Amino acid sequence: MRYVVGYTANARGRDAVHLAIAMARGQDASLDLVLVVPEDSPYNAVYPPEPGYDSILNEQARQWLDGGLALVPADVTARAHIRRGDSEAQALIDAAVEFDAAALVIGATNNGLFKRFTIGSVASSLLHSSPVPVALAPHGYHRTEGITRLSCGFGARPGADELLDVAVESARDRHLPLRLVSLLALDGGNSPGLADAAWVHAADRLAAVGGSDSGSAPGEAGTEPEIVVAQGRTIEEAVDRLDWEDGEILLIGSSRLAQHRATFLGTTANRILRALPVPMIVVPRDYTRQRS
């Protein structure tokens, strides 16, 4: 299993490397750090390039990548790659497809609140077009220990059942506890009936998925997945009311507007990002998970 890391020589790149290390640990997964440099183009500031420009640029890129590799501990295998392209997002997608990556890992921009997300142009492009899951590290993410819990944002819209399949398989393979999270934004206060309906729907789908593998339960051996319905006046408030572990990751599905096997960050997911203190993985529509 391989993870492609969109590396930049700044805090955003370091956050992405840290998250990729945490994801790789315990999975026998390797990392591919990819740094994208501008392609020669008549639209560049200097064209044609000055003599020696390419060699200077490549040497600087190698030095930056060496700094990225130095962040990776000895128990995780990592390689570095320089790619050229007019679009950083497209170059990263091409690398992920070439390496048959299980996920593309990127960091948030540096102007967000600590442990919160601000989506830049590259992340936005990836979150609306990637054919592989996109893992997004919040600004200031320093944790490199293994993942401790997997949460899955669950609803009743088309594609929710496929996302649950991915979450159950991921938790099972990683031997992690699984938590299903339903977020309800309530304008008129609490609604026990709506919350109960969301819980029952999640339980029914979980029972169907769990029963498809000889009755084995997802998550760690001997533990049952947890179902949580969080309510608030807004989605952001519902997210804030949940308890989040430092080593947790939230899986969400792509909008129903997404093309087949592509990500598309919908309105609700964007609102979740405003309040989420842990990494998020956006799973493409109709995605079938790789098995390690």
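Quick caveat: nothing in here was measured; it's all calculated off a predicted structure.

1. Comments concerning empty space enclosed by the protein
Over the atoms, a rolled probe matching the size of one water molecule traces out where space is still vacant.
Then step 1. Applying the stated criterion to the full structure yields two cavities of 30 Å³ or more.
Then step 2. Of the volumes computed, that of the second largest cavity is approximately 30 Å³.
Then step 3. Taken together, Gly153, Val181, Leu183, Val239, Trp244, Leu250 and Ile272 make up the lining of the second largest cavity.
Then step 4. Looking at the lining of the second largest cavity, its residues break down into six nonpolar, one polar and no charged.

2. Overview of the pattern of salt bridges
Then step 1. Under the defined criterion, the tally for this structure stands at 13 salt bridges.
Then step 2. For arginine 149, the salt bridge identified is with glutamate 245, shortest N-O distance 3.8 Å. A residue pair is termed long-range when its members are at least 10 positions apart, and arginine 149 in strand β6 (residues 149-153) and glutamate 245 in the loop between α7 (235-240) and β9 (248-253) qualify at 96 residues.
Then step 3. A relative accessible area of 11% places arginine 149 in the buried class.
Then step 4. Between arginine 271 and glutamate 236 there is a salt bridge, and its shortest N-O distance comes to 3.8 Å. Here the residue arginine 271 occupies a position in helix α8 (residues 267-275), and glutamate 236 occupies one in helix α7, the gap between them amounting to 35 residues.
Then step 5. Linked by salt bridges that have partners in common, Arg149, Arg179, Glu245 and Glu248 make up one network.

3. Some points on the confidence of the model for the chain
The predicted coordinates ought not to be read in detail in places where the model reports low pLDDT.
Then step 1. Confidence along the chain averages 80 in pLDDT terms, with 75% of residues attaining 70 or more.
Then step 2. Per-element mean pLDDT across the chain ranges from 71 in helix α6 (residues 192-210) up to 97 in strand β1 (residues 2-6).

4. Here we look at the environment of alanine 269
Then step 1. Here alanine 269 shows up in helix α8.
Then step 2. You can call alanine 269 buried: its relative accessible area is 8%.
Then step 3. Spatially, the C-alpha atoms of alanine 269 and valine 282 are 8.8 Å apart, while their sequence positions differ by 13 residues.

Rules and cut-offs
- Residues numbered from 1 in each chain as written.
- Predicted model: local features only at pLDDT ≥ 70, side-chain atom pairs only at ≥ 80, totals over all residues.
- Heavy atoms only, no water.
- 1 Å grid on protein atoms, 1.4 Å probe; cavity = no way out; pocket = protein on both sides within 12 Å on 5 of 7 lines; lining within 4 Å.
- Points joined across faces, edges and corners; volume = space filled by probe spheres on them.
- Nonpolar A, V, L, I, M, F, W, Y, C, P; charged D, E, K, R; others polar.
- Salt bridge = Lys/Arg side-chain N within 4 Å of Asp/Glu carboxyl O.
- Helix = DSSP H or I, 4+ residues; strand = E, 2+ residues; numbered from the N terminus.
- Buried < 20%, exposed > 50% of the residue type's maximum accessible area, 1.4 Å probe, protein only.
- pLDDT = per-residue confidence, 0-100.

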